[in-house]
Amino acid sequence: MPRAAGRHFLQIPGPTNVPDRVLRAIDFPTMDHRSPDFGVLGKEVLEGMKRVFRTTGHVVIYPASGTGAWEAALVNTLSPGDKVLMYETGHFASLWQKMAKKLGLEPEFIAGDWRSGADPRAIQARLSEDKDQRIKAVCVVHNETATGVVSRIPEVRKCMDAAKHPALLLVDTISSLGSLDYRHDEWGVDVTVGGSQKGLMLPPGLSFNAISAKALSASKNAKLPRSFWDWGEMIASNKDGYFPYTPATNLLYGLREALKMLLEEEGLENVFARHQRHAEATRRAVRAWGLEVLATNPAEYSGSLTAVLLPAGHDADRLRKLILENFDMSLGTGLGKLAGRVFRIGHLGDFNDLTLLGTLAGVEMGLALAGVPAKKEGVKAAMEYLADCHRSPARAAA
Ligand SMILES: Cc1ncc(COP(=O)(O)O)c(C=O)c1O
C-alpha cells in the first residue's frame, strides 16, 4: 500500500487519538523512579486521578492495560469460591465474567440482550433472594464498549441498598472515565476500574482502581492470591508518590499533561458536555442515513461511542474495510455475537466538531461504496445540530 497522506482517522472506541502535546510530554528522558522529582510527579498524578474518579479515597495506578485493573478489583476484594453477580451487557461484561471464573470465583451472570444496560431491578431481585448473603460483589460495566450502552450506576446502587445487601459494587469505567459523568464516592461505588487509552487520551498501558473504605477493609480478609496487583503495597508506597515496582514513568508524564488538559484547561463538565453533543450529532446522522442505533433506551445512550446496526444482508466488516482502504479511517468492529452486524463509531477523547464531521463523512461515503442503502443526509443532519448547539448552547446541554 502506498503511504496515506494526512492523519489517520482513529475512530475506534479506544485506543483514541493522543494529542500532540501529550506525545511530547511522554517524549522526555526517563527519570529515576526513586528520585525526589519522581515523588512529586507520583503525588500529582495520584491526586489528579482522584479528581477524575471524584473520590477522596485511594486510587492506584498499574503499568497494565484495563484487563489488569479488572483482575486487581477481583483479587483484592474476594476469596476463592465467592459468588459474584455480574450483568451481561455485552462482550466486555462477558470477558470480565470469564476472568472471574478463571480466578476461582463463582460468577452468576444475569442475561442481557446486548442492546440495553444492567437492569437495576433485576439486580435488586437477585440480591433480595440471597438470604444467606453468599453474593460478595456485584460487577457492572458502566459503558459497554461493544454496544454503546451505559448502565445507570446510581440506580444500581439504590437497588442494592433497597435489597439491604452488603455486596460490594465493582464498576468498569474503561470507556467512560474522562468522557462521561462518573462519581465514585457520590454513587457509592466500591471499586472503579479505569484505563488510560480512551477518555484520558493516553496510549494504552496504564490502568486504575479507585477504592472505597469498604473495599479496602474487604481487601484485608480477601484470600484470592495476589502479588503484583496487591493494593496494600501500592498504597503504602503511593503515600510519598512512589510505587512498589517500576512504574510506567513516561506514561505518567503523559498522564500529568492529560490531567492538566481535562481538569484545568477544559474542565470535566465541559468535557462531558462535549461528548454528549458529539454523541447526539452522531445519532442524528445515523437516523438520517436511515440506519439503526444499537442502543434501545435513550436514557442509556453512550456519549463516547455509537454502535450502528446494518440492514440484514450487509456485512459491517466489509464496510469497515472499504472505509479503511479508501479513506484511511479505522472504525470499531462488531464484537462477539455482534460480529459483522454492527460497526462502532468512537467519538471520545481528543475530539471536536470537525473531527466528528470528517468521521461521519467517511462513513457516509463508505456506505455508498459498500452499496448499503442509506440516504446521503447524515453529515447534513449532524452539521445542522452542531451549528444549532453553537447558536444556542442551551440546546447542546438539553
Ligand atoms: C469496557 C471495557 N472493559 C475492559 C476492557 C479491557 O481493557 P484492555 O483491553 O485495556 O485490557 C475494555 C477494552 O476495550 C473495555 O472497553
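Everything numeric in this text was worked out from a predicted model, so none of it was measured.

(A) Spatial organisation of the overall build of the chain. Within the chain, the regular secondary structure consists of 14 helices and 14 strands. Across its three principal axes, the chain shows a C-alpha extent of roughly 60 × 55 × 45 Å. A total of 398 residues make up the chain; the buried ones form 59% of that total. In the chain, 73% of the contacts between residues at least 6 apart in sequence involve partners at least 24 apart. Taking the average place of the 48 positive charges on the side chains of the chain and the average place of its 45 negative ones, the gap between the two points comes to 2 Å.

(B) Seen up close, the pairing of strand β5 (residues 135-141). The element β5 is extensively covered by neighbouring structure, given that six of its seven residues are classed as buried. Direction of pairing for strand β3 (residues 83-87) relative to β5: parallel, over a ladder of four bridges. Looking across to β5, one finds that Lys83 is bridged to Ile135. Sheet analysis places β5 next to strand β8 (residues 168-172), joined by five bridges and oriented parallel. When the sheet's bridge partners are listed, Ala137 is paired in β8 with Leu168.

(C) Broad picture of helix α7 (residues 213-221). Those residues of α7 lying buried are Ala215, Leu216 and Ser219. What you see down the axis of α7 is that its buried residues fit within an arc of 100 degrees, all on one side. In α7, the exposed positions angled more than 90 degrees off the buried face are occupied by Ala213, Lys220 and Asn221.

(D) Spatial organisation of the site of the ligand. Near the ligand, the surroundings consist of Ser65, Gly66, Thr67, Trp70, Phe92, Val141, Asn143, Thr145, Asp172, Ile174, Gln197 and Lys198. In this structure, Thr145 approaches the ligand through a side-chain N or O atom, which is 2.5 Å from an oxygen atom. Look at the ligand: alone it shows 390 Å² of surface, and the protein chains cover 86% of it. When each cavity is represented as a set of grid points, the ligand is found to reside in the largest pocket. In terms of residue count, the dominant contributor to the shell around the ligand is helix α3 (residues 66-77) (three residues). Among the residues forming the shell around the ligand, the class breakdown is four nonpolar, six polar and two charged.

(E) Molecular detail of the sheet that holds β5. An order of β2-β10-β9-β8-β5-β3-β4 is seen for the seven strands of this open sheet, with the pairing classed as mixed. Looking at which strands have only one partner, the edges of the open sheet turn out to be β2 (58-62) and β4 (106-110). Taking each pair of neighbouring strands and ignoring which way they run, the sheet shows an average axis angle of 20 degrees.

(F) Representation of the nonpolar core in the model. One finds Met49, Ile61, Trp96 and Leu255 to be the most contacted residues of the largest nonpolar core, which totals 66 residues. A per-element tally of this core places helix α9 (residues 249-266) first, with nine residues. Residues contacting Leu255, with those up to four places away along its chain left out, are Val45, Met49, Ile61, Leu200, Leu202, Leu206 and Phe208. Of all hydrophobic cores here, the second largest spans 32 residues; its members include Val308, Met329, Leu360 and Ala370.

(G) Spotlight on the state of the cysteines. Tallied over the full model, the rule gives zero disulfides. Note on Cys139: no disulfide assigned, nearest cysteine sulfur contributed by Cys159 at a separation of 17 Å.

(H) Highlighting the environment of Thr249. Among the secondary structure elements, Thr249 is positioned in helix α9. We classify Thr249 as buried; its relative accessible area is 6%. Put simply, Thr249 and Asp32 are 217 residues apart on the chain and 8.7 Å apart in space, counted from C-alpha to C-alpha. If sequence neighbours within four positions are ignored, Thr249 has contacts with Thr30, Met31, Phe38 and Leu41.

(I) Region of interest: unusual backbone geometry. In the segment running from Gly14 into Pro15, the intervening peptide bond is cis, with an omega of -5 degrees. Position of Pro15 relative to the elements: it lies in the loop between β1 (9-11) and α1 (20-26).

Parameters and conventions
- Residues numbered from 1 in each chain as written.
- Predicted model: local features only at pLDDT ≥ 70, side-chain atom pairs only at ≥ 80, totals over all residues.
- Heavy atoms only, no water.
- Helix = DSSP H or I, 4+ residues; strand = E, 2+ residues; numbered from the N terminus.
- Buried < 20%, exposed > 50% of the residue type's maximum accessible area, 1.4 Å probe, protein only.
- Contact = heavy atoms within 4.5 Å.
- Lys, Arg positive; Asp, Glu negative; His and termini not counted.
- Charge placed at Lys NZ, Arg CZ, Asp CG, Glu CD.
- Pairing = 2+ DSSP bridges.
- Arc of directions from axis to C-beta.
- Near = heavy atom within 4 Å.
- Polar contact = N/O pair within 3.5 Å; in protein donor to acceptor, adjacent residues only side chain to side chain.
- Areas by Shrake-Rupley, 256 points an atom, 1.4 Å probe, with all protein chains shown as cover.
- 1 Å grid on protein atoms, 1.4 Å probe; cavity = no way out; pocket = protein on both sides within 12 Å on 5 of 7 lines; lining within 4 Å.
- Sits in = over half its atoms within 2 Å of the grid points.
- Nonpolar A, V, L, I, M, F, W, Y, C, P; charged D, E, K, R; others polar.
- Axes fitted to C-alpha atoms, helices over the stretch in contact; angles between N-to-C directions.
- Core = buried A, V, L, I, M, F, W, Y, C linked by side-chain atoms within 4.5 Å.
- Disulfide = S-S within 2.5 Å.

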